[in-house]
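Take a look at the letters that make up each chain.
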Amino acid sequence: MPIPEFVQDLRSKIGHDPLWLPGAAAVVYDDDGRVLLGRRADTGQWTLITGMIEPGEEPAPAIVREVQEETGVSVEVEHLMSVDVVGPVIFPNSDVCRFLSLVFRCRYLSGEARVNDDESMDVRWFSLDDLPELNPLHRKHAENARYSTGVPNFVR
């Protein structure tokens, strides 16, 4: 997985010490009620589509960009669903991060779901009745987003 240049610059100064980074996740539903998932190349796990927000980038356009880059699918952000703290995450190179993750409910616009970069080994649409193994938070977001009203879930 490529490390963003801004993270490489920070790592050159602080080594593997913990970093607090902004991230975003997309719960993308198509018109058939299926959710878009990617199987990560680094861990082999199925996840929502996620990514880091670049310095100066707005969160909603960041997740639209990430979905397009990783899956070839164009989406529209409908609303913010949740704000989560994820981690600590320890990467294979020993880097440690915590992510402030903004989770967006997105609507499919166009494109054929496919592996579109080196971050994923598979990309597919799944019905809620046939989800692969997901971490509990991603499963919760996938299920909650199906009937999300647009009121963010900031408290658990």
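Scope of this entry: the structure provided in the associated data block. Small disclaimer: the values here were computed from a predicted structure and weren't measured.

This brings us to the overall build of the chain. Helix and strand counts for the chain stand at 3 helices and 7 strands. Across the chain, helices and strands are ordered from the amino to the carboxyl terminus as α-β-β-β-β-α-β-β-β-α. In terms of overall dimensions, the chain is globule-like: its C-alpha atoms have a radius of gyration of 15 Å, near the 15 Å expected for 156 residues. For the C-alpha atoms alone, the extent of the chain along its principal axes is close to 45 × 35 × 30 Å. A burial count over the chain gives 41% of its 156 residues as buried. Across the chain, contacts joining residues at least 24 apart in sequence account for 69% of those joining residues at least 6 apart. Here the chain has roughly 8,300 Å² of accessible surface; of this, 52% comes from carbon and sulfur atoms. Each charge class in the chain can be summarised by its mean position, and for the 15 positive and 26 negative side chains these summaries are 4 Å apart.

Before going further, it helps to examine the environment of His-141. Secondary-structure assignment places His-141 in helix H3 (residues 136-145). Measuring from C-alpha to C-alpha, the distance between His-141 and Met-81 comes to 8.2 Å, with 60 residues separating the pair along the chain.

The end-to-end C-alpha distance of helix H2 (residues 59-71) is 18 Å, a good match for the 18 Å that 13 residues give at a rise of 1.5 Å each. Where H2 is concerned, the buried positions are Ala-62, Ile-63, Glu-66, Val-67, Glu-70 and Thr-71. Considered in projection along H2, the buried side chains sweep an arc of 135° and stay on one side of the axis. Buried residues in H2 make contact with strand S1 (19-29), strand S2 (35-40), strand S4 (49-52), strand S5 (74-90), strand S6 (96-110) and strand S7 (120-126).

The next subject is the environment of Ser-82. Mapped onto the elements, Ser-82 comes out in strand S5. Through-space distance from the C-alpha of Ser-82 to that of Arg-114 is 26 Å; in sequence the pair is 32 residues apart. In this structure the side chain of Ser-82 is engaged in a polar contact, spanning 2.9 Å, whose partner is the side chain of Asp-84.

Residue Pro-88 is reached from Gly-87 by a cis peptide bond, and omega for that bond is 15°. As for its placement among the helices and strands, Pro-88 is situated in strand S5.

Another point: the nonpolar core. If you look at the biggest cluster of nonpolar residues, it comprises 17 residues, and the most contacted ones within it are Val-28, Leu-36, Ile-63, Val-67, Val-73 and Cys-106. Secondary-structure elements contributing two or more residues to this core are S1, H2, S6 and S7. The contacts of Cys-106, once residues within four sequence positions are left out, are Ala-26, Val-27, Val-28, Tyr-29, Ile-63, Val-75, Glu-76, Val-77 and Glu-78. In terms of nonpolar packing, the next biggest core, distinct from the first, is built from 14 residues, Val-35, Leu-48, Leu-131 and Ala-145 among them.

Reading the values: the criteria
- Residues numbered from 1 in each chain as written.
- Predicted model: local features only at pLDDT ≥ 70, side-chain atom pairs only at ≥ 80, totals over all residues.
- Heavy atoms only, no water.
- Helix = DSSP H or I, 4+ residues; strand = E, 2+ residues; numbered from the N terminus.
- Rg over C-alpha atoms; globule rule 2.2 N^0.38 Å.
- Buried < 20%, exposed > 50% of the residue type's maximum accessible area, 1.4 Å probe, protein only.
- Contact = heavy atoms within 4.5 Å.
- Areas by Shrake-Rupley, 256 points an atom, 1.4 Å probe, with all protein chains shown as cover.
- Lys, Arg positive; Asp, Glu negative; His and termini not counted.
- Charge placed at Lys NZ, Arg CZ, Asp CG, Glu CD.
- Expected span 1.5 Å × (residues − 1).
- Arc of directions from axis to C-beta.
- Polar contact = N/O pair within 3.5 Å; in protein donor to acceptor, adjacent residues only side chain to side chain.
- Core = buried A, V, L, I, M, F, W, Y, C linked by side-chain atoms within 4.5 Å.

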